[in-house]
Amino acid sequence: MGLRDKKRNQRRVLSRRSAGPKTGEGKDFLPLEGKEQRVREKKQPEEPESTATVLYIGHIPHGFYEDQMQGFFQQFGAVKRVRVARNRKTGKSKHYGFIEFENPEVAKIVADEMNNYLLFEHTLQIEPVPPEKVHAKLWKGVRKGFIPVDRVAIERKRLSKDKTVEEHKKMLEGIVKRDEKRRKRIKAAGIDYECPALIGSVQPSAKKIKFDED
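As a starting point, this report considers the structure included with it. Per chain, the residues get numbers from 1 upward, laid out in the order the sequence is written. Only residues with pLDDT of at least 70 get local features here, since the model is predicted, and only at 80 or more are side-chain atom pairs given and counted; chain-wide, interface and lining totals rely on the full set of residues. Side-chain metrics in this entry use all non-hydrogen atoms of the structure; hydrogen atoms and water are not considered.

What to know about the nonpolar core
Residues enter a nonpolar core if they are buried and are Ala, Val, Leu, Ile, Met, Phe, Trp, Tyr or Cys, with the set joined through side-chain atoms within 4.5 Å. Here's how the labels work: a residue is buried when its accessible area is under 20% of the maximum for its type, exposed when over 50%, partly exposed in between, all with a 1.4 Å probe on protein chains only. Leu55, Ile57, Met69, Phe73, Ile99, Phe101 and Ile126 are the most contacted members of the largest nonpolar core, which totals 19 residues. Sorting the residues of this core by element identifies strand 1 (54-58), helix 3 (66-73), strand 2 (79-86), strand 3 (93-101) and helix 4 (104-114) as the ones contributing at least two each. To qualify as a helix, a DSSP run of H or I must reach at least 4 residues; to qualify as a strand, a run of E must reach at least 2; elements of each kind are numbered from the N terminus. For this core, the element with the most residues is helix 4, which contributes 5 residues. Contact between two residues is taken to exist if any of their heavy atoms lie within 4.5 Å; hydrogens are not considered. Residues contacting Ile57, with those up to four places away along its chain left out, are Met69, Phe73, Tyr96, Gly97, Ile99, Leu124, Gln125 and Ile126. Membership of the second largest hydrophobic core comes to 6 residues, among which are Val54, Val129, Trp139 and Val142.

A short note on the sheet that holds strand 3
Reading across from one edge, 2-3-1-6 is the order of the 4 strands in this open sheet, with antiparallel pairing throughout. Only two strands of the sheet have a single partner each, and these edge strands are strand 2 and strand 6 (125-129). Pairwise comparison of adjacent strand axes, ignoring direction, gives a mean angle of 20° for this sheet. Relative to strand 3, strand 1 runs antiparallel, the two sharing 5 bridges. Residue Ile57 lies in a different strand from strand 3, and its bridge partner there is Gly97. Throughout, an axis means a line fitted to C-alpha atoms (over the contacting stretch in the case of helices), and angles, computed between N-to-C directions, take values from 0 to 180 degrees. Here helix 3 sits on the sheet and contacts strand 1, strand 2, strand 3 and strand 6; the angle it forms with strand 2, its principal contact strand, is near 145°. Against the sheet, helix 4 makes contact with strand 1, strand 3 and strand 6, and its axis sits at roughly 150° relative to strand 6, the strand it touches most. The criterion for strand pairing is that DSSP finds at least two bridges linking the strands in question.

Structure, rendered in structure tokens:
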């Protein structure tokens, strides 16, 4: 092979390398640069920022009440308000409540870090409450604190009030009925005992007063 033939072969090889792929060839392969550009264009959607400042707290242990909750959660940030659900009659805790922070970022940190936290053998359940789901009367009376209802004073006032004639008559009828049932039970038991009569059970009928005409 001469020098001319060698140069001719080199030109053919270079022309083949520089030429692009023919139609129908190279369809199964895509350039890497195009893939990287497409991946960059597909950006993951950003999570919406949480604006919730109120947190629901469940499984609250005994003794972990308003003052204790405020002192404990102040390590994360400023606490605005705390409310523990209580029984209206007894005032005892229902073991769940709500806490409000001034900063929504602090509330999100508390919800992420303190959820399922073991405290006094109770696993705290903490979830953020969206602003649109916060009840309008959630914080009503929270500044005053919980004041249990004095049922004894209410009952004392009810029994001590002046009764009308009809109420007094109804009360006497109930006393007489209970006394009769008591006498029947004693007699059925075979006990020979004479119960004393009730004083004042029979009320005299009202008398009509006639006035002389002048």
